[in-house]
Amino acid sequence: SLWEGLPISVLEAMASAKPVISTHTGGVREVIVEGESGFLVPPGDMNKISERLTVLLKDKSLRIQMGQNARDGLDFTFALTNMISKTENLYEDLIKRKGGIDAN
């Protein structure tokens, strides 16, 4: 991808203790720690994606450790319920600033 917000699939993989290989874009770089919980590659660099995938396929202990690091790295900040709540609060605040109706 050339641009991403923060794909739920990345969070789901992390919650399932799976290392992530993703492009170094958008919100992904906020949750993946390069070399610890996954790999970040430049957008469009298929050779780098292939290289990182090969590393994980050949090293089971690395896959397990990175997957555990990914799971451990998730905290309340990235929990779905918290993200939904923060998004709702943002929209409500924007509506109030624009002089709109009360969202409650």
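Before any of the text, the structure's been laid out above.
Below: a short report on this structure.

### Focus: the pattern of salt bridges
Per the counting criterion, the structure on display carries 3 salt bridges. A salt bridge links Glu34 to Arg52; the nearest nitrogen and oxygen atoms lie 3.3 Å apart. Residue Glu34 is found in the loop between helix 2 (28–31) and strand 2 (38–41), and its partner Arg52 is found in helix 3 (residues 46–58); the two are separated by 18 residues along the sequence. Using a relative accessible area of 36% as the deciding quantity, one classes Glu34 as partly exposed. With a closest N to O distance of 2.9 Å, Arg97 and Asp93 form a salt bridge. With Arg97 and Asp93 both in helix 5 (residues 80–97) and 4 residues apart, the pair spans about one turn of that helix. Relative accessible area serves as the criterion here: at 32%, Asp93 is assigned to the partly exposed category.

### Concerning the packing of helix 3 against helix 4 (residues 60–73)
It is at 5 Å that the axes of helix 3 and helix 4 come closest, and there the two elements cross at 105°. By the criterion of interaxial angle, the relationship of helix 3 to helix 4 is roughly perpendicular. Note on element contacts: helix 4 touches helix 3 through Lys60, Leu62, Arg63 and Met66, opposite Val55, Leu56, Leu57 and Lys58.

### Observations concerning unusual backbone geometry
Positive phi values are uncommon outside glycine, yet Ala17 reaches one of about 60°. Take Ala17: it is sitting in the loop between helix 1 (8–15) and strand 1 (20–23).

### Notes on the side chain of Ser37
Tracing the backbone shows Ser37 in the loop between helix 2 and strand 2. What makes Ser37 buried here is its relative accessible area of 3%. A distance of 2.8 Å separates the side chain of Ser37 from the backbone nitrogen of Val33, its partner in a polar contact. Filtering out sequence-adjacent residues up to four positions away, Ser37 remains in contact with Pro19, Val20, Val31, Ile32, Met66, Asn69 and Ala70.

### Topic: the pairing of strand 2
Neither face of strand 2 is open: one carries Gly38 and Leu40, the other Phe39 and Val41, and all of them are buried. For strand 1 and strand 2, the ladder comprises 4 bridges, and the chain directions are parallel. Its bridge partner being in strand 2, Thr23 is matched across the sheet by Val41.

### Concerning helix 1
Among the residues of helix 1, Val10, Leu11 and Met14 are the ones counted as buried. In a view along the axis of helix 1, the buried residues occupy a sector of 95°, so they form one face of it. Where the residues of helix 1 are buried, they touch strand 1, helix 2, helix 4 and helix 5. Among the residues trailing helix 1, Ala17 stands out with phi positive, at a value near 60°.

Cut-off values and rules
- Residues numbered from 1 in each chain as written.
- Predicted model: local features only at pLDDT ≥ 70, side-chain atom pairs only at ≥ 80, totals over all residues.
- Heavy atoms only, no water.
- Salt bridge = Lys/Arg side-chain N within 4 Å of Asp/Glu carboxyl O.
- Helix = DSSP H or I, 4+ residues; strand = E, 2+ residues; numbered from the N terminus.
- Buried < 20%, exposed > 50% of the residue type's maximum accessible area, 1.4 Å probe, protein only.
- Axes fitted to C-alpha atoms, helices over the stretch in contact; angles between N-to-C directions.
- Parallel < 35°, antiparallel > 145°, perpendicular 65-115°, else oblique.
- Contact = heavy atoms within 4.5 Å.
- Polar contact = N/O pair within 3.5 Å; in protein donor to acceptor, adjacent residues only side chain to side chain.
- Pairing = 2+ DSSP bridges.
- Arc of directions from axis to C-beta.

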